Amino acid sequence: INVDNQDLLSKMEGFAVQGVKRAAKNHQQCISDVRVSIHDIINHTLHKFFPLLCDITGDSGAKMQWAHYFHNIVQCYQVMVDGWPNNVPSANLSQVSSALPELERLLCKWESGTTHWKTLT
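This is a predicted model, so every value here is computed, not measured.

(A) Local environment of the packing of aromatic side chains. Taken as a whole, this structure holds two aromatic pairs when the rule is applied. Here Tyr69 and Phe70 contribute two aromatic rings whose centre-to-centre distance is 5.0 Å and whose plane-to-plane angle is 70°, an arrangement assigned as edge-to-face. The class of Tyr69 is buried, set by a relative accessible area of 10%. Taking 6.2 Å as the distance between ring centres and 55° as the angle between the ring planes, the aromatic pair formed by Trp110 and Trp117 counts as tilted. Residue Trp110 is classed as buried on the basis of its relative accessible area, which comes to 3%.

(B) Region of interest: the pairing of strand β1 (residues 79-82). Of the two faces of β1, only the one carrying Val79 and Val81 is buried; Met80 and Asp82 on the other face are not. Summarising the sheet, β1 and strand β2 (residues 116-119) pair through four bridges and their orientation is antiparallel. Bridging from a neighbouring strand, Val81 pairs with Trp117 of β2.

(C) Seen up close, the confidence of the model for the chain. Of all residues in the chain, 73% have pLDDT values of 70 or greater, and the mean over the chain is 78. Taken element by element, the chain is modelled with least confidence in helix α2 (residues 53-57), mean pLDDT 60, and with most confidence in helix α5 (residues 100-112), mean pLDDT 90.

(D) Structural detail: helix α3 (residues 69-77). Buried within α3 are the following residues: Tyr69, Asn72, Ile73, Val74 and Tyr77. The arc that holds every buried residue of α3, seen down its axis, measures 155°, which confines them to one face. Within α3, the exposed residues directed more than 90 degrees away from the buried face are Phe70, His71 and Gln75. Taken from the residues just after α3, Gln78 is the one with a positive phi, measuring 55°.

Cut-offs used in this document
- Residues numbered from 1 in each chain as written.
- Predicted model: local features only at pLDDT ≥ 70, side-chain atom pairs only at ≥ 80, totals over all residues.
- Heavy atoms only, no water.
- Phe/Tyr/Trp six-rings, centres within 6.5 Å; stacked < 30°, edge-to-face > 60°.
- Buried < 20%, exposed > 50% of the residue type's maximum accessible area, 1.4 Å probe, protein only.
- Helix = DSSP H or I, 4+ residues; strand = E, 2+ residues; numbered from the N terminus.
- Pairing = 2+ DSSP bridges.
- pLDDT = per-residue confidence, 0-100.
- Arc of directions from axis to C-beta.

See below:
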């Protein structure tokens, strides 16, 4: 096919590098999407579990606060997350975990109710 071998190899290498970059970007997007889903379900179930949350806080956008979880969530509302997996640190997911399977398992635990909000007694 009248193509210089070096030119062909160069083009193949460029194609391979772009494929790897695209795959990495797609993977990062998947991780980001799962993190957003987990954040959404945590906040949604918090409001569902504690319907007066907005009345108590005076903030209709009240949501989970990892930085001050024990003070702003546990102590204020007398609730805590139950069933959180041991292999995922209880912290802002953007800062602690980037393993997609780990995040997907956590999302499944929230969706199934295995991980949920629990009232302190």
